[in-house]
Amino acid sequence: MAQIDEISPDVFRISLYVPNLDMQFNHFLVRDEEPLLFHTGMRKTFPAVYEAVSRLIDPATLRWISWSHFEVDECGALNEWLARAPQAQAACGEVGAMVNLFDFADRAPRAFKPGDVLSTGRHEFRWVPTPHLPHGWDAGMLFEARERTLFCSDLFHQFGQLSATTTEDVVGRYNDAIARMQAHPVLLDYMPFTPQTRRRLEELAALEPRMLAAMHGSTFIGDGASALRQAADVMERHLGTELVTR
Ligand SMILES: [Fe+2]
Ligand SMILES: [Fe+2]
């Protein structure tokens, strides 16, 4: 069964821990006039996430479904949600809408342009395109200005069965996770470090987030700008240099 925690008023982290991967998969539900789900989860985990959402709202009233980039844990169960929530609409960056959603989604999405704002009632979310950060041409993140929460997807990935929120060293955990992935024979090169990566992280840091809502691991509460700037160093160290062995 999914674990639910309210990480800020009416923002819930719905977490599924997968023991064989030693990873949490987090989905964020915003309970508002127009409820928003960030990360649908996979088709295979849809029943568990649906059950968790139904403990918080009537799932048929879901209005917005958003995510960072096209991947099964981000948006795999989109059509299952669209089938059960008649007013629900996908909302993603215009690249994702143009290259993936026009074919994949059973209903037309809302396509965000850079800086577009989605209001759900008491919360406003700004779409920040972040191509290839954490990965994927279509990647972007939502930033909620009131609580200063950045929904940062795979950025700040942390392994383990962790608390919903933390004020501890999220950069150290991220460093360990990237090192672990980079040592994996198949899952290495999780994220690219490109000439744009540091600048994009700096753009996110300029938002001065107070919460970093990660898909895998705890939501960090603290100086998000500093963590984002340090994340650039972590990524450059592990991902920005040639591997000695392949
Ligand atoms: Fe991803
Ligand atoms: Fe992910």
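Heads up: these notes are all about the structure in this document. Here the structure is a predicted model, which means the values were calculated and not measured.

1. Some details on the packing of helix α5 (residues 170–182) against helix α7 (residues 224–239)
Taken N-terminus to C-terminus, the directions of α5 and α7 make an angle of 20 degrees; their axes are 10 Å apart at the nearest point. When the axis of α5 is compared with that of α7, the two are roughly parallel. The hand of the α5/α7 crossing is right-handed. Touching V170, V171, Y174, N175, I178, A179 and Q182 of α5 are A227, Q230, A231, V234, M235, R237, H238 and L239, all from α7. Of the residues belonging to the contact of α5 with α7, the class tally is 10 nonpolar, four polar and one charged.

2. Here we look at the coordination of the iron ion (ligand 2)
At this site the iron ion (ligand 2) is bound by D73 (OD), D154 (OD), M215 (SD) and H216 (NE2), with donor distances of 2.1 to 2.4 Å. One can describe the donor arrangement at the iron ion (ligand 2) as irregular, given that its four donor atoms subtend angles of 82 to 174 degrees at the metal. The sequence pattern formed by the donor residues of the iron ion (ligand 2) is D-x80-D-x60-M-H. A separation of 3.8 Å is found between the iron ion (ligand 2) and the iron ion (ligand 1), which share D154 as a coordinating residue. Residue D154 is located in the loop between β11 (149–153) and β12 (165–166), and its partner H216 is located in the loop between β13 (211–214) and β14 (219–221); the two are separated by 62 residues in the primary sequence. In this pair, the class of D154 matches that of H216, namely buried.

3. Overview of the environment of P192
Checked against the element boundaries, P192 lands in the loop between α5 and α6 (197–205). Taking the C-alpha atoms as reference points, P192 and A164, 28 residues apart in sequence, are found 27 Å from one another. Ignoring sequence-local partners within four residues, the contact set of P192 consists of H132, P134, H135, T197 and M235.

4. Observations regarding the side chain of N175
Looking at the element boundaries, N175 is found in helix α5. The residues touching N175, leaving out its near neighbours within four places in the chain, are V234, R237 and H238.

5. Some points on the packing of aromatic side chains
Applying the stated criterion to the full structure yields nine aromatic pairs. With 5.4 Å between their ring centres and 45 degrees between their planes, F46 and Y50 make a pair best called tilted. Here the residue F46 and the residue Y50 both occupy positions in helix α1 (residues 46–54), the gap between them amounting to four residues, near one helical turn. You can call F46 buried: its relative accessible area is 6%. A centroid spacing of 5.0 Å and a plane angle of 90 degrees characterise the contact between F70 and F104, whose relative ring orientation is edge-to-face. You can see F70 sitting in the loop between β5 (64–66) and α2 (72–75) and its partner F104 sitting in helix α4 (residues 94–104), a full 34 residues away along the chain. Judged by its relative accessible area of 27%, F104 falls in the partly exposed class. Three or more aromatic residues joined by ring pairs make a cluster, and in this case those are F28, F38, F125 and F151. Lying across the ring of W64, R63 places its NZ or CZ 4.0 Å from the centre. A cation sits over an aromatic face here: R110 above W64, 5.6 Å from the ring centre.

6. Here we look at the pattern of salt bridges
The final tally for this structure, using the stated rule, is 12 salt bridges. Each of D10, R31, D32 and R122 takes part in salt bridges that share partners, so that together they form one network.

About the cut-offs
Residues numbered from 1 in each chain as written. Chains lettered and ligands numbered in written order. Predicted model: local features only at pLDDT ≥ 70, side-chain atom pairs only at ≥ 80, totals over all residues. Heavy atoms only, no water. Axes fitted to C-alpha atoms, helices over the stretch in contact; angles between N-to-C directions. Helix = DSSP H or I, 4+ residues; strand = E, 2+ residues; numbered from the N terminus. Parallel < 35°, antiparallel > 145°, perpendicular 65-115°, else oblique. Left-handed = near helix turned anticlockwise from the far one by under 90°. Contact = heavy atoms within 4.5 Å. Nonpolar A, V, L, I, M, F, W, Y, C, P; charged D, E, K, R; others polar. Donors = N, O, S within 2.8 Å, 3.2 Å for Na, K, Ca; no water. Tetrahedral: all angles 85-135°; square planar, octahedral: opposite > 155°, others 65-115°. Buried < 20%, exposed > 50% of the residue type's maximum accessible area, 1.4 Å probe, protein only. Phe/Tyr/Trp six-rings, centres within 6.5 Å; stacked < 30°, edge-to-face > 60°. Lys NZ or Arg CZ within 6 Å of the ring centre and 35° of its normal. Salt bridge = Lys/Arg side-chain N within 4 Å of Asp/Glu carboxyl O.

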